Amino acid sequence: MGVEDKFPEVVTSRLTDLVGWARKNSLWPMPLGLSCCAIEMMATVGPRFDLSRFGAEVFRFSPRQSDVMIVAGTLTWKMASVARRIYDQMPDPKWVIAMGVCASSGGLYRNYAVVPGVDRILPVDVYTMGCPPRPDTLIRAVMELQKKIDELAIDGRRPREPVFVQ
Amino acid sequence: MADVPANPSSSSNPAAAAPAAPVAPPPDPLIAALTALGAEALPLTQDLLPVFRVERDAWPSVARALRRDPQLSFEMLIDVAGVDFPKRRPRFEVVYHLWSLTWNKVIRVKVGVPEEDPQVASVIDLWPTADWHEREAFDMVGVKFAGHPDLRRILMPDDYPWHPLRKDFPVEGIDNSISYVKAGGVLMTRELDVDRPAGQDRTPVDRSHGDPAGYSDGTPTLPEEGRS
Amino acid sequence: MSPESAPVLPPPAAGAASAASAASGAPRFAAAVANPKVMRHALTTNEKLFVGPFLKSLLYTFSRMFKKDITRRYPEQKMENKPSLHGVPVLVMKEDGAPRCVACGLCEFVCPPRAIDIQPGETDRPIEREPKSFVIDMLRCIECSYCEEVCPEEAIVMSTDYEVVGRRREDFVWDLKKLLKPIAQLKDRIAWVRRTYRRWDSNADASAPPEGGVYRDPRWAGKSKPVDHH
Ligand code: SF4
Ligand code: SF4
């Protein structure tokens, strides 16, 4: 016995579901293009792959207007503090995609200059394999992130309570 | 410079000199001029670049002459590089490439720098482009440039304690958990995984917020430094 | 520099080092020297009004609506799986379920990011050695295919899977169970490997040995009896 039974044209939802649905379908990425992965990132937004089919095409070059940071490329220790500052300026809730093996684990660069994985300094939500990953892989990462956001409660941190089924 | 014998036609006619093969090549006036300044001429490189070695104490005056003398006038500094030869004495070398746009000549000048006192005069007042080049040589090899107004590291973080292009520095880096970068209020330790076999990289502390597994509200698992 | 002062250096045009560039006798960018200004035609009234070109560009955008769109809708339409695609490296599993790999360690040695880790073990099969554990850290692998090129047994090949994402780093450490792929799915790639890497072998017969069968090196044809190592 609910509203939906009386008025079949009305759909009810919880606020947390609604917010999660809105959030996951309007991701605004902050491109942190550090090397060649950035080229594939640009291709992903182009017409051939068209990231806007997932609502994530509004690349913002200001961290204050974005909620997912795509770390695309080799992060050096010199750049690390900058990346962290950019991340700190993003408003909550925020997510991080480590695109490519360099961002995910340091990849080819096992040396003194490169951060072995951006998860040393940022909380990474989705890792992506490839050197560089194809645009398809980045789209897949965005889809994975959407799935993750869908599991979160309204504060963007806790898992969502299961839906009560009668 | 006036006492250097001017000999403009010595090397200007290669076609005429070619048949007389056994004759030694005419003395290069540039080499003569630089030798008079106190530089030691080394054999030409493969691509026929004249190379000179200059004593560290003589380098400021030689550099001034190279830049200011209208008959040398090397207007452009192409490159400054620090080189480490661990077995040689002096251990370090600073290599300058200079280009005279007037005479269309490129030369290479090497200045030896001993390890005990790794210092050489900066040429930033003669060639302003030397600024970043000298900072890079300082960062990578550790040669200090006296007179440089802003000798900071350029490629490595400011608090990095080593000079990584020295030959005795391991390319994997030194485990430097004592060194850290303070950024955005976060202390980032700088540990490296280089010697671990594949698949055994130290998986960092799980800082992923909102990961359903292992989350419980109110416990200190939520890292306070991870949140802004 | 005054013309009277005797130059120490020869004039550039006559110098031996600059003989090649001076041979033509003219500056290299003669046209640019003659016309230092970029030539532009005067704007027409249409261009000054700006409306015409503006509408033209809008018309172009509008006309794209009636053309075939080039977007590939990824999750539904995947990339055409050519055998030459560098995807994830996988291990070849023979029909009986055993890996072809003999744990020689060449791929571990050649791998630029050192993504592979092999623990060899003994086996009763005629190859005597097999990997006890074979781990590839997919977050290190750069899909360079060096391991495939170096492998003497055609035991590790690149597959056509290329979208690997995950939420935790541990998920990317693939072990033997995850790496082994039936040989039936890798026939195209193995044929491609033979065509490509044996191209310089003058006796190689690319069309020869059947996939999954014994590779008979043509150089030894008739000279010795090939042995089925597997
Ligand atoms: S493809 Fe290259 S990086 Fe990946 S496992 Fe093979 S050799 Fe290593
Ligand atoms: S090169 Fe081939 S046979 Fe040797 S260890 Fe690697 S996969 Fe196994």
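In the block above lies the structure referred to throughout.
Cut-offs applied
Residues numbered from 1 in each chain as written. Chains lettered and ligands numbered in written order. Predicted model: local features only at pLDDT ≥ 70, side-chain atom pairs only at ≥ 80, totals over all residues. Heavy atoms only, no water. Near = heavy atom within 4 Å. Nonpolar A, V, L, I, M, F, W, Y, C, P; charged D, E, K, R; others polar. Contact = heavy atoms within 4.5 Å. Buried area = accessible area lost by both parts, 1.4 Å probe. Salt bridge = Lys/Arg side-chain N within 4 Å of Asp/Glu carboxyl O. Pairing = 2+ DSSP bridges. Helix = DSSP H or I, 4+ residues; strand = E, 2+ residues; numbered from the N terminus. Axes fitted to C-alpha atoms, helices over the stretch in contact; angles between N-to-C directions. Core = buried A, V, L, I, M, F, W, Y, C linked by side-chain atoms within 4.5 Å. Buried < 20%, exposed > 50% of the residue type's maximum accessible area, 1.4 Å probe, protein only. Right-handed = clockwise from strand over helix to strand, strands pointing away.

Asker: Summarise the site of ligand 2; cite the residues concerned and give the values.
Answerer: Around ligand 2, the structure places C101, V102, A103, C104, G105, L106, C107, I118, C151, P152 and I156 of chain C. Residues of the shell around ligand 2, tallied by class, amount to ten nonpolar, one polar and no charged.

Asker: How would you summarise the interface of chain C and chain A if you had to cite specific residues and measurements?
Answerer: Between chain C and chain A, the residue contacts involve 27 residues of the former and 34 residues of the latter. Overall, the association of chain C and chain A removes approximately 2,900 Å² of surface from exposure, summing both partners, and the carbon and sulfur fraction of that is 55%. Summed over the three residues of chain C that lose the most area to chain A, namely R140, V165 and R167 of chain C, the buried surface amounts to 26% of that side. Taken together, the connections running from chain C to chain A amount to five salt bridges. Each residue belonging to the side of chain C that touches chain A can be placed in one class, and the counts come to 15 nonpolar, two polar and ten charged. Pairing of strand β4 (residues 126-128) of chain A with strand β5 (residues 165-166) of chain C, which is carried by two bridges, proceeds in the antiparallel orientation. Across the sheet, residue Y127 of chain A finds its bridge partner in β5 of chain C, namely G166 of chain C.

Asker: Help me get a handle on the site of ligand 1, residues and values and all.
Answerer: In the vicinity of ligand 1, the contacting residues are C111, P113, I116, C141, I142, E143, C144, S145, Y146, C147 and M158 of chain C. Of the residues in the shell around ligand 1, the class split is nine nonpolar, one polar and one charged.

Asker: I'd like to hear about the sheet that holds strand β1 (residues 29-33) of chain A, residue by residue, with values.
Answerer: Here five strands make up an open sheet; going across it, the order is β1(A)-β2(A)-β3(A)-β4(A)-β5(C) and the pairing mixed. Looking at which strands have only one partner, the edges of the open sheet turn out to be β1 of chain A together with β5 of chain C. With five bridges connecting them, β1 of chain A and strand β2 (residues 68-72) of chain A associate as parallel partners. Within β2 of chain A, the residue paired with L32 of chain A across the bridge is V71 of chain A. Packing of helix α6 (residues 135-150) of chain A onto the sheet brings it into contact with β2, β3 (95-99) and β4 of chain A together with β5 of chain C, and relative to β3 of chain A it is tilted by some 155°.

Asker: Please provide a residue-by-residue account of the nonpolar core, values included.
Answerer: Residues M69 and V71 of chain A together with I116, F134, I136 and M138 of chain C are the most contacted members of the largest nonpolar core, which totals 45 residues. For this core, the elements supplying multiple residues, two or more each, are β1, β2, α4 (77-89) and β3 of chain A together with β2 (116-122), β3 (129-137) and α7 (176-179) of chain C. Formed by 38 residues, the second largest nonpolar core is a distinct cluster that contains A39, V62, V120 and W127 of chain B.

Asker: So what about the pairing of β3 of chain A? Which residues, and what values?
Answerer: Residues and elements named next belong to chain A. Within β3, five of the five residues are buried, which leaves the element mostly enclosed by the surrounding structure. Side chains of β3 alternate between two faces, with W95, I97 and M99 and V96 and A98 buried alike. As judged from the five bridges shared by β2 and β3, these two strands associate in the parallel manner. When the sheet's bridge partners are listed, V71 is paired in β3 with A98. For the segment spanning β2, α4 and β3, crossover handedness is right-handed. Pairing geometry for β3 and β4, over two bridges, is parallel. Looking across to β4, one finds that I97 is bridged to V126. Note that the unit made of β3, helix α5 (residues 100-105) and β4 has a crossover that is right-handed.

Asker: Outline the sheet that holds strand β7 (residues 180-182) of chain C, supporting the account with residue identities and numerical values.
Answerer: Residue and element names in this part refer to chain C. Spatially, the three strands line up as an open sheet ordered β4-β1-β7, and their pairing is mixed. Where the open sheet ends on each side, the last strands, each with one partner, are β4 (156-158) and β7. Put simply, the sheet's adjacent strands are angled 55° from each other on average, direction ignored. Taken together, the three bridges between strand β1 (residues 89-93) and β4 define a ladder with antiparallel strand orientation. Bridging from a neighbouring strand, P89 pairs with M158 of β4.

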